[in-house]
Amino acid sequence: MIRDITIGQFYPADSVIHKLDPRVKLFATMIYIIALFVFKGILGLGIITLFLAGIIRMSKVPFKFMTKGLKAIVLLLIITSVFNLLATPGDIVFWKWGSLQITDKGIINSVLMTIRLVYLILGTSLMTLTTTPNQLTDGLETALKPLNKINVPVHSIAMMMSIALRFIPILIEETDKIMKAQMARGADFESGNLIQKAKSMVPLLVPLFVSAFRRAEDLAMAMEARCYNGGEGRTKMKPLKYGKCDYISYGVVVGFLVLVIVAAVLLPFPQG
Amino acid sequence: MSIILDKVNFSYSQETAYKIQALKDINLKIEDGEFIGIIGHTGSGKSTLIQHLNGLVKATSGGIYFNGQDIYDEDFNMKELRSKVGLVFQYPEHQLFETTIFDDVCFGPKNLGLDKKTVELRAYEALRSVGFPEALYFQSPFDLSGGQKRRVAIAGVLAMKPEVLILDEPTAGLDPAGRDEILDLISKMHKELAITVILVSHSMEDVAKYVDRIIVMNQGSVMYDGTPKEVFRQYKYLEEVGLAAPQVTYLMHELHEKGLPVNLDATTVEEAKESILCALRNNEAKRLQ
Amino acid sequence: MSIVKTKGLVHEFIRRDEEDNVESITTALDHVDLRVEQGEFIAILGHNGSGKSTLAKHINALLEATEGTIWVDGMDVSEEENVMPVRKVAGMVFQNPDNQIIASVVEEDVAFGPENVGVPTDEIWERVEKSLKAVDMTKYRNHSPNKLSGGQKQRVAIAGVMAMEPKCIVFDEPTAMLDPSGRKEVLAAAHELNRQKGVTVILITHYMEEVVDADYVYVMEDGKIIMDGKPREIFSKVDELKAHRLDVPQVTLLADELRKSGLPIPKGILTREELADAILKCASDFRR
């Protein structure tokens, strides 16, 4: 169930991609998403496919493991591609029924949209698969540091994120336990209409909130006891430092975007 | 009135590679009115086992029969089973949610679809049988001490009028006084309400005093099943799997080895005292002859 | 100089209703005087609600005293500027193993304390290494705490405190939520730190058998210290302990019962071996 989703999971492996600075990976993911939406034509698609395939290869994450994450969105993929297929007007009409039609542009659009979505999921999950949640929050904290100047509490937000990441599995387990305990007292979480269902959540949510608050209180005290005093004057066990690989990667990523744009201008065929 | 488990197997995450077999080929028969202790260390499968007994977890293979009926039959009434086999989870006070103690105890019987009067009567009876002070019935359950909260939670299950009451480590986190109170209460309920009680624990000493039968779980299998005396005779094997017999058992064996003929089956302080005094007296008598 | 010293320490929890009127006052600590010397292993025994956890929190400057004074390593805890230094000197391990681990990776959690006080990166690595080794958790350094057992989680928490290089560690019922093997692990780790690193240990517990190896024991009830002494002295007062509904170990209880039946068994028996020897001695004395 919840545990089967691979998006947001970390896949431990010893690869160049795993070792990259999280800021580089955040930047690269952003560029990659931009590329997915500006590319035009077969050449652009080819460049992106090569880029993605190369990185997946380098990351040492098994391709099978990545496609497992796609299963969760199969339904979404089918709906969007069917919608694009049937609702795009075009020059050549192959089939028509009422307002539904299949056209040359519809086919191209539908194929492109599916590719975009699949690539989007593969690319972004590659980032989470190769970056621990902690590195990710670290990366965000450092990348967003300039916002401190306009009074955005960047450190607190990052700390909150990493604590949330630590407690999500614990709270999922706890939900499971409380649910079972209430079911043992005859509670029914499945049947009934929407209002009844919402009502039946009360015996689950109240204990969950009580427990979350108790944990928060305990945790706050434990953090204070270990001299936590906000972000000021803190040092880091694993400070983010750019290495040679990181600078090269920045170059590669920028080059990649330039290539995609050039390809879109020079050979924008077939157009979507 | 009985529960029969026939070759029950259970594994987590069936499809994936992370398959963990939590229960292996469990065969058990639980008779009416028994007082059973299930012992095992963390991860031995004891919690998974008891969740099978009221159908919260479904066995991967094997059958469970409640009063001769297969609980996995399509027309078997699962809700009724859950009311007949009451399960008190570990740290049961974490499931309290109502604004008053009384309302919280009403939750179970209300789910059974009983009328208001019967529900309230049952809640009242349940709170009485756990010895909860009447003056506090309409207070918030969140203001109570740990031990009291636990009583309320047990009453919440008791109000379903179960024929079998299962308690998963009911003494976890309590201090010794609270622990003794809860165990005495459970033993009293077993006698007075004439229900079957299954007590899950990792402490041999707690259980030895109360139960008639001990089931030792290890790595998902039943390792021993017998009276406390029979089980504690295996103290050397129990130690190997991280469980300890009562201190007295060790002492008696040590004395026996060193030549004092004491009763090796003594598990409580009382029994040990009698046996040691008796052995010393015999010793003395032999010397005088 | 004592590492921890309290004089007439009082703590009252005051509950107020919506209009800020005092609803009730609970006295959690009632004129507590105690003294702990550097390097000692002290146990504080008592029921839930006896005030022992409140006392623990005072040692870590997590609460403010209503009356009286507490000094940690010579520093008056009530002074604002002493709060952080006190927390550095006296670390604390709490009851619930889950609710005190902050990071999602073991080694990063151990580093949390040193990071807070601004220890340079290289030194953090050294301290993390040392602390994990001290509690024998080095091979789990890259694990997620969620996958560890209760005893292992507590050892991670201990490592987290050790990384602050404290002179004293307060254990606030560290074993209450653990199974027997977890309890053994945590106790062994506490004794190890006390012996090997000379860290003062203040162990707060309601399990009598955990205080057997302590240097000195305080028994608390209703916010007061009602008994104190060496474990053997405490354990020799079986009737008094029973009156306070404390959990007397089976062996001590049996020894007491046998003595009451007229056998010449010494007071304050602590271990199984001691009792066996005493009984066998009775047997051979009879023979003579």
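It should be emphasised that the depicted structure is a prediction, and the values quoted were computed from it without experimental measurement.

Conventions used here
Residues numbered from 1 in each chain as written. Chains lettered and ligands numbered in written order. Predicted model: local features only at pLDDT ≥ 70, side-chain atom pairs only at ≥ 80, totals over all residues. Heavy atoms only, no water. Patch = residues over 30% accessible without salt bridge, like charges linked within 9 Å, V, L, I, M, F, W, Y side chains within 5 Å. Areas by Shrake-Rupley, 256 points an atom, 1.4 Å probe, with all protein chains shown as cover. Salt bridge = Lys/Arg side-chain N within 4 Å of Asp/Glu carboxyl O. Helix = DSSP H or I, 4+ residues; strand = E, 2+ residues; numbered from the N terminus. Buried < 20%, exposed > 50% of the residue type's maximum accessible area, 1.4 Å probe, protein only. Axes fitted to C-alpha atoms, helices over the stretch in contact; angles between N-to-C directions. Left-handed = near helix turned anticlockwise from the far one by under 90°. Contact = heavy atoms within 4.5 Å. Buried area = accessible area lost by both parts, 1.4 Å probe. Polar contact = N/O pair within 3.5 Å; in protein donor to acceptor, adjacent residues only side chain to side chain. Domains from an automatic or database assignment. Core = buried A, V, L, I, M, F, W, Y, C linked by side-chain atoms within 4.5 Å. Pairing = 2+ DSSP bridges. Right-handed = clockwise from strand over helix to strand, strands pointing away. Expected span 1.5 Å × (residues − 1). Lys, Arg positive; Asp, Glu negative; His and termini not counted. Charge placed at Lys NZ, Arg CZ, Asp CG, Glu CD. Parallel < 35°, antiparallel > 145°, perpendicular 65-115°, else oblique. Nonpolar A, V, L, I, M, F, W, Y, C, P; charged D, E, K, R; others polar. 1 Å grid on protein atoms, 1.4 Å probe; cavity = no way out; pocket = protein on both sides within 12 Å on 5 of 7 lines; lining within 4 Å. Points joined across faces, edges and corners; volume = space filled by probe spheres on them. Phe/Tyr/Trp six-rings, centres within 6.5 Å; stacked < 30°, edge-to-face > 60°.

1. Here's the deal with a nonpolar patch on the surface
Phase 1 of the analysis: Together, Ile92(A), Phe94(A), Trp95(A), Trp97(A), Leu100(A), Ile107(A) and Val111(A) give the surface a local cluster of nonpolar side chains, amounting to about 720 Å² of exposed area.
Phase 2 of the analysis: Sort the elements by how many residues they give to the nonpolar patch and strand β1 (residues 93–97) of chain A lands first, with three residues.

2. Let's talk about the pattern of salt bridges
All names here are of chain C.
Phase 1 of the analysis: Under the defined criterion, the tally for this structure stands at 46 salt bridges over all chains.
Phase 2 of the analysis: Glu-123 is paired through a salt bridge with Arg-127; the nearest N and O atoms lie 3.2 Å apart. Highlighted residues: Glu-123 and Arg-127, both in helix α4 (residues 121–134), separated by four residues, approximately one helical turn.
Phase 3 of the analysis: What makes Glu-123 partly exposed here is its relative accessible area of 30%.
Phase 4 of the analysis: Residue class for Arg-127 comes out buried when judged on its relative accessible area of 11%.

3. A few points about the packing of helix α3 (residues 106–116) of chain C against helix α5 (residues 150–162) of chain C
Residues and elements named next belong to chain C.
Phase 1 of the analysis: Axis separation between α3 and α5 bottoms out at 7 Å; the angle between their running directions is 35°. In the crossing of α3 with α5, the sense of the turn from one axis to the other is right-handed. In this structure, α3 uses Val-106, Asp-109 and Val-110 to contact α5, whose residues at the interface are Val-156, Ala-159 and Gly-160.

4. Here's the deal with the interface of chain A and chain B
Phase 1 of the analysis: Taken together, the contact pairs 17 residues of chain A with 22 residues of chain B.
Phase 2 of the analysis: In total, about 1,800 Å² of surface goes out of reach between chain A and chain B, with carbon and sulfur atoms giving 61% of it.
Phase 3 of the analysis: Looking at the side of chain A facing chain B, the largest losses of area belong to Lys180(A), Ala184(A) and Arg185(A), adding up to 39% of the total buried there.
Phase 4 of the analysis: Where chain A meets chain B, there are one salt bridge.
Phase 5 of the analysis: A salt bridge links Asp104(B) to Arg185(A); the nearest nitrogen and oxygen atoms lie 3.1 Å apart.
Phase 6 of the analysis: Counting across the chain A and chain B interface gives five residue pairs in polar contact (both at pLDDT 80 or more).
Phase 7 of the analysis: Elements supplying a minimum of two residues to the side of chain A that touches chain B: α8 (154–184) and α10 (202–225) of chain A.

5. Description of the domain arrangement of chain C
Phase 1 of the analysis: The domain architecture assigned to chain C consists of domain 1 (38–56 + 76–231) and domain 2 (249–288).
Phase 2 of the analysis: Spacing between the C-alpha centres of domain 1 of chain C and domain 2 of chain C amounts to 35 Å.

6. What to know about the side chain of Glu115(C)
Phase 1 of the analysis: Summarising the element assignment, Glu115(C) is placed in helix α3.
Phase 2 of the analysis: The contact partners of Glu115(C), leaving out residues within four places of it in the chain, are Gly233(A), Arg234(A), Thr235(A), Lys236(A), Met237(A) and Ile124(C).

7. Regarding the interface of chain A and chain C
Phase 1 of the analysis: Between chain A and chain C, the residue contacts involve 28 residues of the former and 39 residues of the latter.
Phase 2 of the analysis: Between chain A and chain C, a total of about 3,000 Å² is buried, with carbon and sulfur atoms accounting for 53% of that surface.
Phase 3 of the analysis: Looking only at chain A, the three residues that lose the most surface to chain C are Arg166(A), Arg226(A) and Met237(A), adding up to 31% of its buried area.
Phase 4 of the analysis: On the surface where chain A and chain C come into contact, there are six salt bridges.
Phase 5 of the analysis: Its salt-bridge partner being Arg166(A), residue Asp98(C) comes within 3.7 Å of it at the nearest N-O pair.
Phase 6 of the analysis: One can count 18 residue pairs in polar contact (both at pLDDT 80 or more) joining chain A with chain C.
Phase 7 of the analysis: Elements with a contribution of two residues or more to the side of chain A that touches chain C: α8 and α10 of chain A.

8. Structural notes on the nonpolar core
Phase 1 of the analysis: Counting residues in each nonpolar core, the largest one holds 78 residues, and the members touching the most others are Leu255(B), Ile276(B) and Ile265(C).
Phase 2 of the analysis: In terms of residue count, the dominant contributor to this core is helix α10 (residues 272–287) of chain C (seven residues).
Phase 3 of the analysis: Mapping this core onto the domain boundaries places at least three of its residues in each of domain 1 (38–56 + 76–231) and domain 2 (249–288) of chain C.
Phase 4 of the analysis: Ignoring anything within four residues of it in the chain, the contact list for Leu255(B) reads Leu260(B), Val262(B), Ile276(B), Ala276(C), Ile279(C) and Leu280(C).
Phase 5 of the analysis: The next biggest cluster of nonpolar side chains, apart from the first, holds 51 residues, and it includes Val105(B), Ala155(B), Ala208(B) and Val211(B).

9. Topic: the pairing of strand β7 (residues 168–172) of chain C
Residue and element names in this part refer to chain C.
Phase 1 of the analysis: Of all the five residues making up β7, five are buried; the element is thus mostly covered by neighbouring parts of the structure.
Phase 2 of the analysis: Neither face of β7 is exposed, since Cys-168, Val-170 and Asp-172 on one face and Ile-169 and Phe-171 on the opposite face are all buried.
Phase 3 of the analysis: With four bridges connecting them, strand β6 (residues 90–93) and β7 associate as parallel partners. Residue pairing for β7: Ala-90 is matched across the bridge by Cys-168.
Phase 4 of the analysis: Where β7 and strand β8 (residues 200–205) come together, five bridges link them in parallel fashion. Residue Ile-169 lies in a different strand from β8, and its bridge partner there is Val-201.
Phase 5 of the analysis: A crossover connection joins β7 to the parallel β8 through helix α6 (residues 180–196); in handedness this β-α-β unit is right-handed.

10. Description of helix α11 (residues 244–266) of chain A
Given 3.6 residues per helical turn, the α-helix brings residues three or four places apart onto the same face.
Residue and element names in this part refer to chain A.
Phase 1 of the analysis: Taking 1.5 Å of rise per residue, 23 residues should cover 33 Å, and α11 covers 33 Å from first to last C-alpha, within 8% of that figure.
Phase 2 of the analysis: Those residues of α11 that sit buried are Asp-246, Ser-249, Val-253, Phe-256, Leu-257, Val-260, Ala-263 and Ala-264.
Phase 3 of the analysis: Of the surrounding secondary structure, the elements contacted by the buried residues of α11 are α2 (22–38) and α3 (41–59).

11. Section: the environment of Gly90(A)
Residue and element names in this part refer to chain A.
Phase 1 of the analysis: Positionally, Gly-90 belongs in the loop between α5 (74–87) and β1.
Phase 2 of the analysis: Spatially, the C-alpha atom of Gly-90 lies 30 Å from that of Leu-50, the residues being 40 residues apart in sequence.
Phase 3 of the analysis: Ignoring any residue separated from it by four or fewer positions in sequence, one finds Gly-90 in contact with Thr-103, Asp-104 and Lys-105.

12. Some words on a negative patch on the surface
All names here are of chain C.
Phase 1 of the analysis: On the surface, Glu-64, Glu-79, Glu-80 and Glu-81 cluster together to form a negatively charged patch.
Phase 2 of the analysis: Within the secondary structure, Glu-81 sits in the loop between β5 (75–76) and α2 (83–89).
Phase 3 of the analysis: Note on Glu-81: relative accessible area 58%, which makes it exposed.

13. Examining the packing of helix α10 (residues 247–257) of chain B against helix α11 (residues 269–288) of chain B
Residue and element names in this part refer to chain B.
Phase 1 of the analysis: Running from N to C, α10 and α11 cross one another at 15°; their axes reach a closest spacing of 10 Å. With respect to their mutual orientation, α10 and α11 come out roughly parallel. The way α10 lies across α11 gives a crossing that is left-handed. Taken together, the residues of α11 that come into contact with α10 (itself represented by Val-248, Leu-251, Met-252 and Leu-255) are Ala-272, Ser-275 and Ile-276.
Phase 2 of the analysis: Counted by class, the contact of α10 with α11 contains six nonpolar, one polar and no charged residues.

14. Considering the sheet that holds strand β3 (residues 35–39) of chain B
Residues and elements named next belong to chain B.
Phase 1 of the analysis: In space, the six strands of this open sheet follow the order β6-β7-β8-β3-β9-β10, with mixed pairing throughout. In this open sheet, the two edge strands, each paired with only one partner strand, are β6 (85–88) and β10 (221–226). Strand-to-strand twist in this sheet, taken as the mean axis angle between neighbours without regard to direction, amounts to 15°.
Phase 2 of the analysis: Looking at chain direction, β6 and strand β7 (residues 164–168) are connected through four bridges and run parallel. Directly across from Val-85, in β7, lies its bridge partner Val-164.
Phase 3 of the analysis: Sitting on the sheet, helix α5 (residues 146–158) is in contact with β6 and β7, with an inclination near 165° to β6.

15. Describing the layout of surface pockets
All names here are of chain A.
Phase 1 of the analysis: Approximately 430 Å³ is the volume attributed to the second largest pocket.
Phase 2 of the analysis: In this structure, the second largest pocket is lined by 21 residues; those nearest its centre are Ile-17, Leu-20, Ala-28, Phe-51 and Ile-55.
Phase 3 of the analysis: Of all the secondary structure elements, the ones that give two or more residues to the lining of the second largest pocket are α1 (16–19), α2, α3, α6 (104–130) and α11.
Phase 4 of the analysis: Considering only residue class, the lining of the second largest pocket consists of 16 nonpolar, four polar and one charged.

16. Section: the packing of aromatic side chains
Phase 1 of the analysis: Inspection of the entire model under this criterion finds 12 aromatic pairs over all chains.
Phase 2 of the analysis: When the centroid spacing of 5.7 Å and the interplanar angle of 70° are considered together, the rings of Tyr242(A) and Tyr250(A) count as edge-to-face.
Phase 3 of the analysis: Tyr242(A) sits in the partly exposed class, given a relative accessible area of 31%.
Phase 4 of the analysis: Overall, Tyr250(A) belongs to the partly exposed group, its relative accessible area being 21%.
Phase 5 of the analysis: Where Tyr216(C) meets Tyr218(C), the ring centres are 5.3 Å apart and the plane angle is 65°; that geometry is what we call edge-to-face.
Phase 6 of the analysis: Judged by relative accessible area, Tyr216(C) falls into the partly exposed class, the value being 24%.

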